[in-house]
Amino acid sequence: MTGVALATPVRVLAFSDGAHEIVAPLDDGEAVTYSYRQSIYDVLVYEDFVRHGGAIDLQRVRSPDIRSVEYFRWEDRRILQGADGLWYEDAPPPTAHDELVLRIAPLGQQRWTTARWTLDLLPRFGETVVTVRVQERPRVVALLEAPR
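Residues numbered from 1 in each chain as written. Predicted model: local features only at pLDDT ≥ 70, side-chain atom pairs only at ≥ 80, totals over all residues. Heavy atoms only, no water.

(A) Local environment of the overall build of the protein chain. Across its full length, the protein chain holds four helices and 12 strands. Sorting the 148 residues of the protein chain into buried and exposed places 39% on the buried side. For the protein chain, the proportion of contacts with a sequence separation of at least 24, taken over those separated by at least 6, is 57%. Counting only carbon and sulfur atoms, one obtains 51% of the accessible surface of the protein chain, whose full area is about 8300 Å². (Helix = DSSP H or I, 4+ residues; strand = E, 2+ residues; numbered from the N terminus. Buried < 20%, exposed > 50% of the residue type's maximum accessible area, 1.4 Å probe, protein only. Contact = heavy atoms within 4.5 Å. Areas by Shrake-Rupley, 256 points an atom, 1.4 Å probe, with all protein chains shown as cover.)

This is the structure we're talking about:
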């Protein structure tokens with residue numbers, strides 16, 4: 001019974017540079033934030049996603065610099081400032097992504113975070129290109145290989 005449960009496929013967020021892969025559990029409806037230092041304005045940006053099925057949907061973008069939010073240019077949306085001081089766009093249209101391709105930069109401070117785990121990209125992969133996808137893996141793989 002335990003073997004069947006551990007072999008049951010679950011959806012994960014898979015990070016790969018082509019040579020190495022890290023998988024992290026991400027349940028349907030679970031939120032994940034990708035944060036990074038934006039090179040144009042040299043400020044942190046937070047992209048908030050939610051997993052739905054085989055994709056991650058971008059729900060909103062937040063930043064301490066309004067220009068980083070304006071950079072996304074969603075039309076007919078007001079930009080507001082939250083109680084935390086971060087700017088965000090009022091109800092941006094969710095956008096589904098099957099994959100994201102990220103160039104890891106030495107000064108990028110690129111990090112993925114959920115309530116269960118955190119993954120800093122530069123220490124794990126170095127300066128390279130990483131593809132992020134929702135994929136299925138046996139539950140045991142998701143449990144053993146997940147970042148803490």
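Next comes the rest of the account.
(B) Molecular detail of the packing of aromatic side chains. This structure, assessed with the given rule, holds five aromatic pairs. Here phenylalanine 15 and tryptophan 117 contribute two aromatic rings whose centre-to-centre distance is 6.3 Å and whose plane-to-plane angle is 85°, an arrangement assigned as edge-to-face. A residue pair is termed long-range when its members are at least 10 positions apart, and phenylalanine 15 in strand 1 (residues 9-16) and tryptophan 117 in the loop between strand 10 (111-113) and strand 11 (118-120) qualify at 102 residues. Judged on exposure class, the residue phenylalanine 15 and its partner tryptophan 117 are both buried. Over the aromatic face of tyrosine 88 sits the side chain of arginine 60, whose NZ or CZ is 5.9 Å from the ring centroid. (Phe/Tyr/Trp six-rings, centres within 6.5 Å; stacked < 30°, edge-to-face > 60°. Lys NZ or Arg CZ within 6 Å of the ring centre and 35° of its normal.)

(C) Structural view of the pattern of salt bridges. With the rule as written, the count across this model stands at 12 salt bridges. For arginine 137, the salt bridge goes to glutamate 21, with nearest N and O atoms at 2.7 Å. Linking arginine 137 in strand 12 (residues 129-138) with glutamate 21 in strand 2 (residues 21-25), this pair joins segments that are 116 residues apart in sequence. In this structure, the salt-bridge partner of arginine 116 is glutamate 30, at a minimum N-O distance of 2.6 Å. Taken together, the residues arginine 116 in the loop between strand 10 and strand 11 and glutamate 30 in the loop between strand 2 and strand 3 (31-38) connect sequence positions 86 residues apart. (Salt bridge = Lys/Arg side-chain N within 4 Å of Asp/Glu carboxyl O.)

(D) Broad picture of the sheet that holds strand 12. Strand order in the open sheet formed by four strands is 2-1-12-9, and the pairing between neighbours is antiparallel. Every interior strand has two partners, whereas the edge strands, strand 2 and strand 9 (99-103), have only one. Taken pair by pair, the neighbouring strands of this sheet meet at an average axis angle of 30°, ignoring direction. Note that strand 9 and strand 12 share five bridges and pair antiparallel. Bridging across to strand 12, valine 101 finds its partner in threonine 131. (Pairing = 2+ DSSP bridges. Axes fitted to C-alpha atoms, helices over the stretch in contact; angles between N-to-C directions.)

(E) Local environment of the environment of leucine 107. Within the secondary structure, leucine 107 sits in the loop between strand 9 and strand 10. The exposure class assigned to leucine 107 is exposed, which follows from its relative accessible area of 71%. Put simply, leucine 107 and aspartate 42 are 65 residues apart on the chain and 9.6 Å apart in space, counted from C-alpha to C-alpha.

(F) Structural detail: the side chain of arginine 51. Position of arginine 51 among the secondary structure elements: in strand 4 (residues 43-52). A residue is classified by how much of its surface remains accessible, and arginine 51, at 6% relative accessible area, is buried. There is a polar contact of 2.5 Å between the side chain of arginine 51 and the backbone oxygen of glycine 53. When residues no more than four places from it in sequence are discounted, the contact partners of arginine 51 are Arg11, Leu26, Asp27, Asp28, Gly29, Glu30, Ile56 and Val134. (Polar contact = N/O pair within 3.5 Å; in protein donor to acceptor, adjacent residues only side chain to side chain.)

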